[in-house]
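# Structural characterization, general
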Amino acid sequence: MSRAAVFLDRDGVLNIEAGYIRTVDDLHLIPGVAQAVRQLNDRGLFCCLVSNQSGPARGYYPASHVDALHERLCHLLQDEAGARLDALYYCPYLSRLEGGTDPQYTRYSTWRKPNTGMFVAAAWEHDLDISQSYMVGDKATDIDMAHNAGCVGILVQTGFGEQVLSGDYQHETQPDYIAKDLADAAQWILEQNHAT
């Protein structure tokens, strides 16, 4: 039977928003995040990272650097609260029009948010029910992605969340829930969801 997932954006949701993180040690968790992910783990919800990471397409660093950042992220979650991400997906691609320069990664991709390619891949590979799932992000494109796929979109006020709500970043969006941070979002999800 397909199960519900909690899809999580990375920057501004799990780790402190710091632009393009060029040094692995500069990735730091937002306080309370590891405990929130652990709560979701303990309730049997599939926790899945879905993140736009255009650094490789922009020529800032190789895809192996993104993998190293994700290794540190998983290590910090485990260290702090015994928390885990069940799967990680990211989109290194960017069209030339949007600023892509590295020919290996410069192209349009259905994986780039607000497109739903990462959801589709995760659902296919892990037998997930998108219609019963949640997307937690700090950008309007995260909420757009959720609604494009027919799942619940939660906007956190960490990262760019406050700026999205005030109309100073990206565009207006209608999240299904506005959370202070991931801990608040996790609490709300657990109240909605009766996973065991």
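The following paragraphs examine the structure supplied in this document. What you see is a predicted model; the values in this text were computed from it and never measured.

Summed over all chains, the structure comprises nine salt bridges. The partner of glutamate 98 in a salt bridge is arginine 112, and the shortest N-O contact between them spans 3.8 Å. In this pair, glutamate 98 sits in the loop between β3 (87-91) and α3 (117-126) while arginine 112 sits in the loop between β3 and α3, placing the two residues 14 residues apart along the sequence. A relative accessible area of 46% means that glutamate 98 is categorised as partly exposed. Lysine 139 serves as the salt-bridge partner of aspartate 138, at 3.4 Å between the closest nitrogen and oxygen. When salt bridges that share partners are traced, they join Asp9, Lys113 and Asp142 into one network.

This part covers unusual backbone geometry. Here the bond from lysine 113 into proline 114 is cis, since omega is 10°, no more than 30 degrees from zero. Relative to the assigned elements, proline 114 resides in the loop between β3 and α3. The residue aspartate 127 is not glycine, and still its phi comes out positive at about 55°. Checked against the element boundaries, aspartate 127 lands in the loop between α3 and β4 (134-137). Relative accessible area serves as the criterion here: at 41%, aspartate 127 is assigned to the partly exposed category.

A pair of packed helices can be characterised by two numbers: the angle between their axes and the separation between those axes. In contact at an axis separation of 8 Å, helix α1 (residues 33-42) and helix α6 (residues 182-192) are set at 15° when each is read in the N-to-C sense. Taken together, the axes of α1 and α6 are roughly parallel relative to one another. Relative to α6, α1 is oriented so that their crossing is left-handed. Across the interface between the two elements, Val33, Ala36, Val37, Gln39 and Leu40 from α1 touch Leu182, Ala183, Ala186, Gln187, Ile189 and Leu190 from α6. Considering only residue class, the contact of α1 with α6 consists of nine nonpolar, two polar and no charged.

Our next topic: the side chain of serine 109. Here serine 109 is to be found in the loop between β3 and α3. Since its relative accessible area comes to 7%, serine 109 is described here as buried. When sequence neighbours within four positions are dropped, the list of residues in contact with serine 109 reads Cys91, Tyr93 and Asn115.

Further remarks concern the nonpolar core. In this structure, Leu8, Leu14, Val37, Leu77, Val136, Leu182 and Ile189 are the most contacted members of the largest nonpolar core, which totals 35 residues. Only β1 (5-8), α1, β2 (46-52), α2 (63-81), β4, β5 (152-156) and α6 provide two or more residues apiece to this core. Broken down by element, this core gets its largest block of residues, six residues, from α6. When residues no more than four places from it in sequence are discounted, the contact partners of isoleucine 189 are Val6, Leu40, Leu45, Tyr134, Val136 and Ile154. Ala5, Phe46, Phe119 and Met135 belong to the second-largest nonpolar core, a separate cluster that totals 19 residues.

Strand order in the open sheet formed by six strands is β3-β2-β1-β4-β5-β6, with parallel pairing between adjacent strands. Looking along the sheet, the strands with just one partner apiece sit at the ends: β3 and β6 (177-179). Ignoring which end each strand starts from, the neighbouring axes of this sheet average 20° apart. Two elements, β5 and β6, share three bridges in a ladder whose sense is parallel. Of the residues in β6, the one forming a bridge with isoleucine 154 is tyrosine 177. Packing against the sheet, α2 makes contact with β2 and β3, and its axis sits at approximately 145° to β3. Of the strands in this sheet, β2, β4 and β5 touch helix α4 (residues 140-149), which is tilted by about 170° from β5.

What counts, and where the lines are drawn
Residues numbered from 1 in each chain as written. Predicted model: local features only at pLDDT ≥ 70, side-chain atom pairs only at ≥ 80, totals over all residues. Heavy atoms only, no water. Salt bridge = Lys/Arg side-chain N within 4 Å of Asp/Glu carboxyl O. Helix = DSSP H or I, 4+ residues; strand = E, 2+ residues; numbered from the N terminus. Buried < 20%, exposed > 50% of the residue type's maximum accessible area, 1.4 Å probe, protein only. Axes fitted to C-alpha atoms, helices over the stretch in contact; angles between N-to-C directions. Parallel < 35°, antiparallel > 145°, perpendicular 65-115°, else oblique. Left-handed = near helix turned anticlockwise from the far one by under 90°. Contact = heavy atoms within 4.5 Å. Nonpolar A, V, L, I, M, F, W, Y, C, P; charged D, E, K, R; others polar. Core = buried A, V, L, I, M, F, W, Y, C linked by side-chain atoms within 4.5 Å. Pairing = 2+ DSSP bridges.

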